[in-house]
Amino acid sequence: MDLGSVQSICQVTLDWETAYATAFQIQTSTDNSTWTTIYSTTTGTGGDQTLSVSGTGRYIRMYGTVRATQWGYSLWEFQVFAG
């Protein structure tokens, strides 16, 4: 996701469909090339998740590493809060 300019990020909310990640990272980048992890879990629960994070970047992504189902990853909504 391109935020348009470098932002200070304090919170991310994820609204997962049935195909969620049990292990994933939230990563930011200033150049869409080099990524920094600002949140990591191996115990993702799916559903609605509110994550307290701290980082900066113009780009942000969810980087899934372990799927809960065979269908990959699917998010209804991915919200980013600056502050």
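My aim in this report is to walk through the structure given alongside it, one point at a time. Each chain carries its own residue numbering, running from 1 in the written order of its sequence. Whole-chain, interface and lining totals are the exception, using all residues; otherwise, since this is a predicted model, local features are given only for residues with pLDDT of at least 70 and side-chain atom pairs are given and counted only at 80 or more. Hydrogen atoms and water are omitted, and side-chain values are computed over all heavy atoms in the structure.

## Thoughts on the nonpolar core
Here is the rule: As used here, the term nonpolar core means buried Ala, Val, Leu, Ile, Met, Phe, Trp, Tyr and Cys residues forming a set that is joined through side-chain atoms within 4.5 Å. Under the scheme applied here, a residue whose accessible area is under 20% of the maximum for its type counts as buried, over 50% as exposed, and between as partly exposed, the area being computed with a 1.4 Å probe on protein chains only. Numbering goes from the N terminus for both helices and strands, where a helix is a DSSP run of H or I of at least four residues and a strand is a run of E of at least two. Contact between two residues is taken to exist if any of their heavy atoms lie within 4.5 Å; hydrogens are not considered.
V12, L14, F24, I26 and F78 are the most contacted members of the largest nonpolar core, which totals 13 residues. Where this core is concerned, the elements lending two or more residues are β1 (2–16), β2 (21–29) and β4 (48–67). Not counting chain neighbours up to four residues away, the residues in contact with F78 comprise M1, V12, T13, L14, I26, I60, R61 and M62.

## As for the pairing of β1
This is how it is decided: By the convention used here, strands pair only if DSSP detects at least 2 bridges between them.
As defined by bridge partners, β1 adjoins β4 across nine bridges and the pair is classed as antiparallel. By the bridge assignment for β4, S8 is matched with T56.

## Digging into unusual backbone geometry
With phi around 65°, N32 is a residue other than glycine that occupies positive phi space. Turning to its location among the elements, N32 is positioned in the loop between β2 and β3 (36–41). Here N32 falls in the partly exposed class, since its relative accessible area comes to 45%.

## A word on the environment of F81
Mapped onto the secondary structure, F81 falls in strand β5 (residues 75–82). Sequence separation between F81 and T69 is twelve residues; the distance between their C-alpha atoms is 28 Å. Contacts of F81, omitting those with residues within four sequence positions, involve S8, I9, C10, Q11 and T13.

## Points about the pattern of salt bridges
A side chain with one charge may pair with a side chain of the opposite charge, provided their charged atoms come close. Let me state the cut-off plainly: One side-chain nitrogen of Lys or Arg within 4 Å of one carboxyl oxygen of Asp or Glu is enough to make a salt bridge.
Inspection of the entire model under this criterion finds one salt bridge. Between D2 and R58 there is a salt bridge; the shortest N-O distance is 2.8 Å. Of this pair, D2 sits in strand β1 while R58 sits in strand β4; the two residues are 56 residues apart in sequence, bridging distant segments of the chain.

## Some details on the pairing of β2
The buried count for β2 comes to eight of nine residues, which makes it a mostly enclosed element. Here β2 runs beside β4; their pairing, made up of eight bridges, is antiparallel. The residue of β4 that forms the bridge with T28 is I60. In terms of strand pairing, β2 meets β3 through five bridges, oriented antiparallel. Looking across to β3, one finds that F24 is bridged to T41.

## Some thoughts on the environment of W35
Relative to the helices and strands, W35 is located in the loop between β2 and β3. Each C-alpha atom of the pair W35 and T45 lies 24 Å from the other, and the pair is ten residues apart in sequence. Not counting residues up to four positions away in its chain, the partners in contact with W35 are Q27, T28, S29, Y59, I60 and R61.

Keep in mind these values describe shape, not function.
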